[in-house]
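Take a look at the letters that make up each chain.
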Amino acid sequence: MWDEASVSDSGDEDFSWSDDENRKENNHSACSIGRAGEADFESRPMSSLFSHFVEMGFSQDLISKAIQRSGEENTEAVLEALLTYSVLEESAQGCSELSSVQRSSESNSQILNHECRGGQGCDVNQEKLIFSGKEELWMHLVDMGFTENEASAALDKCGPNASLFELQDFIYASKITDSSNSSYTAEQSSLESDEDEKGSDSSFNEFQRGKKRRKGSLTAGTWEENVLVGRQRKFIERYHSHDRHKKHLKSILGDGGKRSTLSGLPHMIGFGVPGYPNILSQRNICEGARGPPYFYYENVALAPKGVWEKISSFLFEIKPEFVDSKHFCAAARKRGYIHNLPISNRFPLEPRAPKTIHEALPSTRKCWPPWDHRTQLNCIGTNYANAQITEKIRISLAHSSDPPPSNIIKYVISECKKWNLVWVGVHKVAPLDPDEIEMLLGYPVNHTRGGGISSSERYRSLGNSFQVDTVAYHLSVLKDIFPNGITVLSLFSGIGGAEVALHRLGILLKTVISVEISEVNRNILRSWWDQTCQGGTLIEFSDVQELSFDKLKELINLTGGFDLVVGGSPCNNLSGRNRVSRNGLEGRHSELFYDYYRILETVKTLMGRDT
């Protein structure tokens, strides 16, 4: 499939994700495959921060204005200003109309606190959308559909000086937590005490008396207020579709081009995993990206900066779903997935895989020292500890007290995490054997065993494979869509992770076109196909470059078309431990992503879904 070269899961890897949803329509459409505007900036020297915002689709003038106002050190303030300038720029036409209408109330002048200058648009005087105080903010939150309690709790928690975006963040974050109901109750009590204190404030009382009249509707306001608030609401709704990414922009953009990490992506649960509330239940995908054919692309989450933005720009601007497989099994595996699959009605494989080391490997429990607090393993790579490493650990512990001193414990735990070592006796650790790795990754017993395959080849093949339970959760939506079976184009197939996942889901594999360069991996997949008595047809190719336009046309005519195009291109030049040639998608191996894109585009064109 692809050579991972021991992907690091540490939190100090280069990673970034940009808010492509905010790219302006005059640069390119939401479905654009090209990267319009790059040539305009090639000759202009840019700071790292400036170039990041250019890649996000903001104009140079807006970026310069935002940086001049907020300072280059405060990335979040610059972003907030850019988002505000963008929505007000979109509102320029409406503003010119508003300037001809008499503003008849004091509240209107407070909301429209920027001056509209005919055809010149709006001159923004502040970097945030301005409201007249706690009452106006409360009213706007209620108008946006939030409950009165939610609006009150957010204001009491964040204060009247918070922006509308910050208040939204607080409300949505509170909804996700298990303790949201109790927190809202406490905040409501606080609000009631505030109301008592404000009993003599006639304007506040008048506002409270009119809140029911305004809830859920903008018709109570004047025409000019409705126009601007409507435009603000439209922008805010679009902004919130990627709201979870905004919260992590400090780690993504905020260190002046230095390293950024995935630490801001909470738990790496994608759009939702079993046991966690769904972040999204549905999403909007542009017409040209919708299936069938469905597609599913995977690669390491901890890629160099800009890689996932570039991948997304080719794959219909669809944002990646970052998931750690520790939510499905006892080992971590941080991956990004870009796909056009539905995200509602997913279900996990049954029986569920064990999610702790002792559940997965019960024989280790009696040997586990009390000072090793690991409950799950790190990412499984292609390398494993040799006898010298495990013997050095044994000697260190044998010559130490019980419990060992802190420096020895620190050394041993560090090595155990690095090599995924487990305890097999007193002072004895050992690497996972291939059979144990198969189980952790969701493959059947002896999946990579036999057929003249060596242990080192098994480790390499398994280290480069899908985690079946994770992938199956995403692909589970296909069971109802294709009750009579599915035809799959499997690129960079590896040892057949996608095929095993579909089979375990009970989806009939009518035809699989498998493309895999490793002969060892092809033998493993072919053996599994025979061992499981698949009734469909398996057609194998050794190189994605064999799939020319004419060959794909021939295969589509033979099979009647593909229902799913699945694969993960090589990550050699993306992996965190590759310090020699970690040059992103331009690397000799990882540039094969462009073949995935080429093949997907050709398939969609030949099947009448030209993008």
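Residues numbered from 1 in each chain as written. Predicted model: local features only at pLDDT ≥ 70, side-chain atom pairs only at ≥ 80, totals over all residues. Heavy atoms only, no water.

An unreviewed UniProt entry lists the protein chain under the name DNA (cytosine-5-)-methyltransferase, with Aristolochia fimbriata as the source organism. What UniProt states about the protein chain under its Sequence similarities (unreviewed entry) heading is, verbatim, "Belongs to the class I-like SAM-binding methyltransferase superfamily. C5-methyltransferase family." (UniProt positions renumbered as here; feature names shortened; annotations may be inferred.)

Draft legend 1. Inspection of the sheet that holds strand 5 (residues 334–339) at higher detail. Overall, mixed pairing links the seven strands, which are arranged 4-5-3-11-8-9-10 in an open sheet. Here the strands that pair on one side only, and so sit at the sheet edges, are strand 4 (321–324) and strand 10 (537–541). For this sheet, the mean angle separating the axes of adjacent strands, direction not counted, is 20 degrees. In the sheet, strand 4 pairs with strand 5 via four bridges, with the strands oriented antiparallel. Following the sheet pairing, Asp324 is matched in strand 5 by Lys334. Along the sheet, helix 16 (residues 307–314) makes contact with strand 3 (294–300), strand 4 and strand 5, crossing strand 5 at roughly 20 degrees. (Pairing = 2+ DSSP bridges. Helix = DSSP H or I, 4+ residues; strand = E, 2+ residues; numbered from the N terminus. Axes fitted to C-alpha atoms, helices over the stretch in contact; angles between N-to-C directions. Contact = heavy atoms within 4.5 Å.)

Draft legend 2. Spotlight on the confidence of the model for the protein chain. Residue-level pLDDT values for the protein chain average 74, and 61% of them are 70 or greater. Per-residue pLDDT stays below 50 along residues 2–45; that stretch engages in 142 contacts with residues further than four places along the chain or on separate chains. A low-confidence stretch, residues 90–132 stays under pLDDT 50, and its non-local contacts, those more than four residues away or across chains, total 82 contacts. (pLDDT = per-residue confidence, 0-100.)

Draft legend 3. Spotlight on helix 25 (residues 519–531). With 13 residues, helix 25 should cover 18 Å at 1.5 Å per step; its first-to-last C-alpha distance of 18 Å lies within 8% of that length. Every buried residue of helix 25 is accounted for by Asn521, Arg522, Ile524, Leu525, Trp528 and Trp529. Seen from one end, helix 25 has its buried residues packed into an arc of 160 degrees, which puts them on one side. Projecting away from the buried face of helix 25 at angles above 90 degrees are the exposed residues Glu519, Asp530 and Gln531. Packed against the buried residues of helix 25 are helix 21 (455–463), helix 24 (497–504), strand 9 (509–515) and strand 10. Regarding helix 25, its N-cap is Ser518, as a side-chain oxygen of that residue lies 3.4 Å from the backbone nitrogen of Val520 further along. (Expected span 1.5 Å × (residues − 1). Buried < 20%, exposed > 50% of the residue type's maximum accessible area, 1.4 Å probe, protein only. Arc of directions from axis to C-beta. Polar contact = N/O pair within 3.5 Å; in protein donor to acceptor, adjacent residues only side chain to side chain.)

Draft legend 4. Seen up close, the pairing of strand 5. Among the six residues in strand 5, six count as buried, and that is most of the element. Pairing of strand 3 with strand 5 involves five bridges; the strand directions are antiparallel. Paired with Tyr297 across the two strands is Ile338, which belongs to strand 5.

Draft legend 5. Quick look at the nonpolar core. Core analysis: the largest hydrophobic core is formed by 69 residues, its most contacted members being Trp423, Leu475, Leu478 and Leu564. Once residues within four sequence positions are removed from consideration, Leu564 is found in contact with Tyr294, Phe295, Tyr296, Leu475, Leu478, Ile486, Thr487, Val488, Leu489 and Leu502. Counting residues in each nonpolar core, the second largest holds 37 residues, with Phe314, Leu491, Phe492 and Ile513 among its members. (Core = buried A, V, L, I, M, F, W, Y, C linked by side-chain atoms within 4.5 Å.)

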